[in-house]
Amino acid sequence: MAPAPIPFVDLAAQRRRLSGRIEAAVQRVIESGAYIMGPQVAELEQRLAAHTGVAQVVSCANGTQAIELILRAWEIGRGDAVFVPAFTFAATAEAPAWHGATPVFCDVEPETFNLDPASLEAAIGHAATLGLKPKAVIPVDLFGVPADYRAIGAIARQHGLRVLQDAAQSYGASRDGRRAGAHADAAATSFYPAKPLGCYGDGGAMLTDDADLAARLRSLRFHGMGGGGQYDNVQLGTTGRLDTIQAAILLEKLAILDQEQAARQRVADRYGAALGNLAITPRTPEGVASAWAQYTLRLPDRDRVKAELAGHGIPTMIYYPKALADQAAFAGSPVSPTGIPVSRQLTAEVLALPIHPYLEPAAQDRVIEALRRALGA
Ligand SMILES: Cc1ncc(COP(=O)(O)O)c(C=O)c1O
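These numbers come from a predicted model, not from an experiment.

### Things to note about the packing of aromatic side chains
Aromatic ring pairs are defined here through the distance separating the ring centres and the angle between the ring planes. Tallied over the entire structure, the rule returns nine aromatic pairs. On the basis of an interplanar angle of 80° and a centroid distance of 6.2 Å, the ring pair of Phe87 and Phe113 is categorised as edge-to-face. Taken together, the positions of Phe87 in the loop between strand S2 (80–85) and helix H5 (91–98) and Phe113 in the loop between strand S3 (102–106) and helix H6 (117–129) put the pair 26 residues apart, joining distant regions of the chain. A relative accessible area of 1% means that Phe87 is categorised as buried. Their ring planes at 85° and their centres at 5.7 Å tell us that Phe113 and Phe143 sit as a pair that is edge-to-face. Here Phe113, found in the loop between S3 and H6, pairs with Phe143, found in the loop between strand S4 (133–137) and helix H7 (149–159); they are 30 residues apart in sequence, far enough to count as distant. Taken together through their ring pairs, the aromatic side chains of Phe87, Phe113, Phe143, Tyr319 and Tyr320 make up a single cluster.

### Focus: the packing of H6 against H7
The contact between H6 and H7 brings their axes to 9 Å, and the two run at 15°. One element, H6, and the other, H7, form an angle in the roughly parallel class. Crossing geometry of H6 relative to H7 is assigned as right-handed. Contacts from Pro117, Leu120, Glu121 and Ile124 in H6 reach Ala151, Ile152, Ile155, Gln158 and His159 in H7. By residue class, the composition of the contact of H6 with H7 is six nonpolar, two polar and one charged.

### A closer look at the sheet that holds strand S6 (residues 174–175)
With antiparallel pairing, the three strands of this open sheet are ordered in space as S7-S6-S12. Strands with a single pairing partner mark the edges of an open sheet, and in this sheet they are strand S7 (178–179) and strand S12 (288–289). Judged from the two bridges that link them, S6 and S12 form a sheet pairing that is antiparallel. Each residue of the ladder has a partner; that of Ser174, found in S12, is Ala289.

What counts and how
- Residues numbered from 1 in each chain as written.
- Predicted model: local features only at pLDDT ≥ 70, side-chain atom pairs only at ≥ 80, totals over all residues.
- Heavy atoms only, no water.
- Phe/Tyr/Trp six-rings, centres within 6.5 Å; stacked < 30°, edge-to-face > 60°.
- Helix = DSSP H or I, 4+ residues; strand = E, 2+ residues; numbered from the N terminus.
- Buried < 20%, exposed > 50% of the residue type's maximum accessible area, 1.4 Å probe, protein only.
- Axes fitted to C-alpha atoms, helices over the stretch in contact; angles between N-to-C directions.
- Parallel < 35°, antiparallel > 145°, perpendicular 65-115°, else oblique.
- Left-handed = near helix turned anticlockwise from the far one by under 90°.
- Contact = heavy atoms within 4.5 Å.
- Nonpolar A, V, L, I, M, F, W, Y, C, P; charged D, E, K, R; others polar.
- Pairing = 2+ DSSP bridges.

Structure representation (structure tokens):
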């Protein structure tokens, strides 16, 4: 009989560890009746601010909306260019396009899979020749590794661009002594269940040291509310609040996040030691502690290996099977003059292995053994 499949992400193990605390927290919200903007929402925002070292945290309905609202607060729209990596999840480019701005796709670095500053620089010049106004760049901390904000920040300052950190996959990571969310003019994160800090539904947050921006974002997430309260609408806004129940769940999970990330690091170290000479394993740049949202190999023979692992009950994922610039939704969007060869090559080679804080060594050894066999080692 084949052994039981290994879960790709094991949220049930996390729930067992929290032994009833989440259920109790949810029950308290249900009994309180404060389903919208209950006290847990403000408490979560304060805890996230303390945890990241960012002055202002504004929670919202999801990570995509977090990017959208920040761009809206910056009044980015038609005629504006927003630079995004070509190798990322749809939301990064969707948000600027939704506002009528033009996403301009840049290539990524082959080792970190993050925005390549040289490709960004070339794209800025190109956007201007297309008659677009370069306004912002959205580096993505892909798979948990914060992008190279020093290099990107220098280019952004030179060209007057705002920097929006897409920290959807990197909550809890750090680079150069700063937590993810603290590297740019503003940051967006996601609490989608499978993210490093996930709730039991959709959720997100916006982080910034800019108090005026934070005030604008608080208003935008609540129908453009002004100083006169809920029925004083001073700007166009939306229903963008985080549910109290999700905030209560996140408070319980945030309390154990640092321990969980140490456990993810141990899993990543074990993979690195066992697989380092068989495949291209993830490289963490100097000064970076990854959130290890994913553990992604590069394998020339990816599809065959994936099929073999599946036969042994080992799930793997392909993030991402297509460069975003090649998706129908973004047909015709400009691409950096460097092209996006690295992004396209990665789509053919990447394979994400199971990684989560509760992956036991015995289960991880099954993944490693199956991979060694598939790779003929
Ligand atoms: C890189 C990236 N950006 C943005 C998002 C959007 O987050 P959400 O799913 O909460 O809208 C995600 C996640 O799904 C993501 O992976």
